[in-house]
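Here is what each chain is made of, one letter per residue.
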Amino acid sequence: MAEIIYDTASLAWIFQMEASTYCMRLNEEQTSLQHIYWGARVDTTVAREMALAWKTYFMSFESTAGNSREEFAPWGEMRFNEPALKVAYADGTRGIEWRFQAHGIEQEQGSQTLWLRFADQVYPLQVTLYYRIHTGHDVLERWVRLENNGADAPIMLEQAFSADWQLPRRERYRMTYLHGRWGKETQVTETLLAPGKFVLESRRGTTSHQFNPWVAFDADASATEEQGELWSAGLAWSGSWKIVAETTPYGTLHCVGGVNDFDFRYRLDAGTRLDLPAFVGLYASGGFGALSRQWHRYQRARVLPAELESVRPILYNSWEATAFAVNERNQMELAEKAAALGIEVFVMDDGWFGERAHDRAGLGDWTVNRTKFPRGLNPLIERVNALGMRFGLWVEPEMVNPDSDLYRAHPDWVYHFHNRKRTESRNQLVLNLARPDVRDWMFSTLDTLLSEHNIEFIKWDMNRSISEPGWPAESAGNPERVWLAHVQNLYWVFDALRRKHPNVAFESCSGGGGRIDLGILSRVEQVWTSDNTDALDRLRIQEGFSYAYTPRAMMCWVTDCPNYLTGRSVPLRYRFHVAMAGSLGIGGDLSHWTPEELEQARGFIETYKRVRPIVQNGKLYRLRSPRSGQVTASQYAAQDGSEVVIFAWGHSQQFGERLIMLQLCGLEVDAHYVEGVSGRSYTGSYLMRYGLEAKLVGDFDSQMFHLVRADRL
Ligand code: DGJ
């Protein structure tokens, strides 16, 4: 059971989680919250001993505050490391001197939350630090509430991060993180941290393709896929963010992060408060594999919206087939073909609205294009429903093309500065969603769309970063708050739509995987992983995704060859096997698929339906990485251990391994597992020690195995 204990003897708070312990205490003066311990579970008495052993170290030319390992460092006194909070008061004083005020522990179903209140000793700034843990998890959610309890003067926030994670004292750390670009998201990379700061960030107003707000640390680069200790953290924020991993001159590592302080100023008016997004931490002791499995489990249980259904449905998406040239006839034809394959949701992508014949016009005009759909959308939706599928629709509500009725009516609704150009990207500008009128327009436009049609799935796209983030009408006020307010209002619209239309599932897309984070994942059922649908490239993208996020939310399409981005052709079977490793979709132009291909596809879809509970809700073991060798392999095990699914994907030529033996993980040594195709029975011990043989012949061959424990057959 998750438990937070306040130990009066040591002034410490001790968090007992599933297999880990976290501990912190106040200093004697109650002016600083000191980190004590984060790691493998220890007895509460041991945590108390650690807290009692805590002491400050004197160092010439430094102060105690500047040197101590604080849970949340307010900038002030002799603090020169990256702080967590920096403010300016109205009289010109900058810097915080705070004191502890109060604390409390609250219980919810399966969770406990500790709050700790600090207040500036002179000014009316109150800071509440929150820590929440959940039974069955080793996750610690941290966030902060800032309040101005004064009567008149505002407080200017110049830096307001969500948490500072202090890592145990070790000689040297490696940091693993996910980077990329459009069409090449979530690439796993790592670096050894030397003294100094390593900064990951987005200044784009959105999560970004370039870096994902997720990190993992291990001491001395000692963790492997299935062994070793890891400390990891991820931000629940879909706007500009920053994570700073700082190794101090004294060899300690801390990792502080939250809303990006670049170009950030937030005026906290008297009587108001601001809740900062969560920065979530996780300790795991079974290597990167265990770390990922814990993130996945946490996301399924605590982050993703409450289940509409136990597995994600298989969808068809029209984008690669018909691009902007959608119309009632071609969509109905695709829908017929999709239904015959066993598809469950038919999604019409871009092109259905306004004057959207190409990407130069129409964004913002969310009314049906009557040339393409003379009878509106309902006849198509009815046909899709009659075929036994749900209907889904693409939207990009935060954007506007200058060539649109919306922009002609409201040119002031986009981010812009006086005397500066409005830089277009993909011929579009970004709506200033910080504005209450834009927020209300967005909600009512989407609400109308959902109320007038039987739409059960929305793909919410966002195809450019924010530039010229100005709000001229607010220039005398606090226009820099747009960085925060855009995302807050985006979340507000999502939350309001979900409340009013609980039958609608959402997908977050941002030119592929540009908006994947714990914040958006609490509002959508799934994300579009990448616009790159090339199966070989996908192996790396999907591997990186799986480090931080659950395969259940990872949308993967089977598309046509040669691939539109890479020009590569790989067998249909390979494309299916790669896409079946997450949430399966089809994105090819079915009107060109041969009867044999359609038949093959029907078979794969049938198979996927049998194995998807294991893939989407099971435990993932990455048996072989696409970054090493010529074969990638993944194993998914049902939570109750009764079934196992394995995919093996060969890469291209190069004479390599003749006999590929995959040593499986997490099986019961003495149990017998029967493989579906060969009917052969193996013991768990054999499969884990000797291995399962994969036969991969030639370029881009792949194999899927489905093993069922003999006593469950
Ligand atoms: C970018 C998305 O990632 C694609 O899947 C597609 O929806 C296009 N936008 C449509 O413009």
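Structure: above.
Note that the coordinates shown come from a computational prediction; the quantities given were computed from them, not determined experimentally.

### Observations regarding the packing of aromatic side chains
Phase 1 of the analysis: All chains considered together, the criterion is met by 41 aromatic pairs.
Phase 2 of the analysis: Aromatic pair Y177 and F198: ring centres 5.6 Å apart, planes at 55 degrees, arrangement tilted. Here the residue Y177 occupies a position in strand β11 (residues 173-179), and F198 occupies one in strand β13 (residues 196-202), the gap between them amounting to 21 residues.
Phase 3 of the analysis: You can call Y177 buried: its relative accessible area is 10%.

### Details of the sheet that holds strand β28 (residues 526-528)
Two pairing modes exist for strands in a sheet, parallel and antiparallel, and in both the strands are linked by backbone hydrogen bonds.
Phase 1 of the analysis: An order of β21-β22-β23-β26-β27-β28-β29-β30 is seen for the 8 strands of this closed barrel, with the pairing classed as parallel. Strand after strand, the sheet turns through a mean of 30 degrees between neighbouring axes, direction not considered.
Phase 2 of the analysis: As paired strands, strand β22 (residues 345-348) and strand β23 (residues 390-395) are joined by 4 bridges and run parallel to one another. The residue bridging M348 from the neighbouring strand is L393, located in β23.
Phase 3 of the analysis: On the sheet, helix α9 (residues 482-500) packs against β26 (457-460) and β27 (505-508) and is oriented at approximately 175 degrees with respect to β26.
Phase 4 of the analysis: Set on the sheet, helix α12 (residues 572-579) makes contact with β29 (554-558) and β30 (583-586); between it and β29 the angle comes to about 170 degrees.

### Overview of the site of the ligand
Phase 1 of the analysis: The ligand sits among 13 residues. The nearest are D349, D350, K459, D461 and D531.
Phase 2 of the analysis: In this structure, D350 approaches the ligand through a side-chain N or O atom, which is 2.6 Å from an oxygen atom.
Phase 3 of the analysis: Protein chains shield 98% of the accessible area of the ligand, which is 300 Å² for the free molecule.
Phase 4 of the analysis: Here the residues of the shell around the ligand are counted per class, giving 4 nonpolar, 3 polar and 6 charged.

### As for the environment of W471
Phase 1 of the analysis: Mapping W471 onto the fold places it in the loop between β26 and α9.
Phase 2 of the analysis: With 148 residues separating them in the primary sequence, W471 and K619 have C-alpha atoms 47 Å apart.

### Here's the deal with the pairing of strand β1 (residues 3-7)
Phase 1 of the analysis: Here 5 bridges tie β1 to strand β2 (residues 12-16), and the two strands are oriented antiparallel to one another. Looking at β2, one finds that E3 is bridged to Q16.
Phase 2 of the analysis: Counting the residues that bridge the hairpin from β1 to β2 gives 4 residues, and of these L11 lies at a positive phi of roughly 60 degrees.

### Side note on α9
Phase 1 of the analysis: With 19 residues, α9 extends 26 Å between its outermost C-alpha atoms, agreeing within 8% with the 27 Å of an ideal straight helix rising 1.5 Å per residue.
Phase 2 of the analysis: Among the 19 residues of α9, 14 are classified as buried, and the element is accordingly described as predominantly covered.

### Some details on the pattern of salt bridges
Phase 1 of the analysis: As enumerated under the stated definition, the model contains 45 salt bridges in all.
Phase 2 of the analysis: A salt bridge links D403 to R408, with the shortest nitrogen-to-oxygen separation between them at 3.0 Å.
Phase 3 of the analysis: Between R602 and E599 there is a salt bridge whose closest N-O contact spans 2.5 Å. Remark: E599 and R602 occur in helix α13 (residues 595-617); sequence separation between them is 3 residues, near one turn of the helix.
Phase 4 of the analysis: Using a relative accessible area of 46% as the deciding quantity, one classes E599 as partly exposed.

### Section: a nonpolar patch on the surface
Phase 1 of the analysis: Together, W182, Y564 and L565 line one region of the surface with nonpolar side chains, adding up to about 310 Å² of accessible area.
Phase 2 of the analysis: Since its relative accessible area comes to 45%, Y564 is described here as partly exposed.

### Details of α13
Phase 1 of the analysis: In this model, α13 (23 residues) spans 33 Å end to end at C-alpha, consistent with the 33 Å of a helix rising 1.5 Å per residue.
Phase 2 of the analysis: Among all positions in α13, only L598, A601, F604, I605, T607, Y608, V611, R612, I614, V615, Q616 and N617 are buried.

Definitions and limits used
- Residues numbered from 1 in each chain as written.
- Predicted model: local features only at pLDDT ≥ 70, side-chain atom pairs only at ≥ 80, totals over all residues.
- Heavy atoms only, no water.
- Phe/Tyr/Trp six-rings, centres within 6.5 Å; stacked < 30°, edge-to-face > 60°.
- Helix = DSSP H or I, 4+ residues; strand = E, 2+ residues; numbered from the N terminus.
- Buried < 20%, exposed > 50% of the residue type's maximum accessible area, 1.4 Å probe, protein only.
- Pairing = 2+ DSSP bridges.
- Axes fitted to C-alpha atoms, helices over the stretch in contact; angles between N-to-C directions.
- Contact = heavy atoms within 4.5 Å.
- Near = heavy atom within 4 Å.
- Polar contact = N/O pair within 3.5 Å; in protein donor to acceptor, adjacent residues only side chain to side chain.
- Areas by Shrake-Rupley, 256 points an atom, 1.4 Å probe, with all protein chains shown as cover.
- Nonpolar A, V, L, I, M, F, W, Y, C, P; charged D, E, K, R; others polar.
- Expected span 1.5 Å × (residues − 1).
- Salt bridge = Lys/Arg side-chain N within 4 Å of Asp/Glu carboxyl O.
- Patch = residues over 30% accessible without salt bridge, like charges linked within 9 Å, V, L, I, M, F, W, Y side chains within 5 Å.

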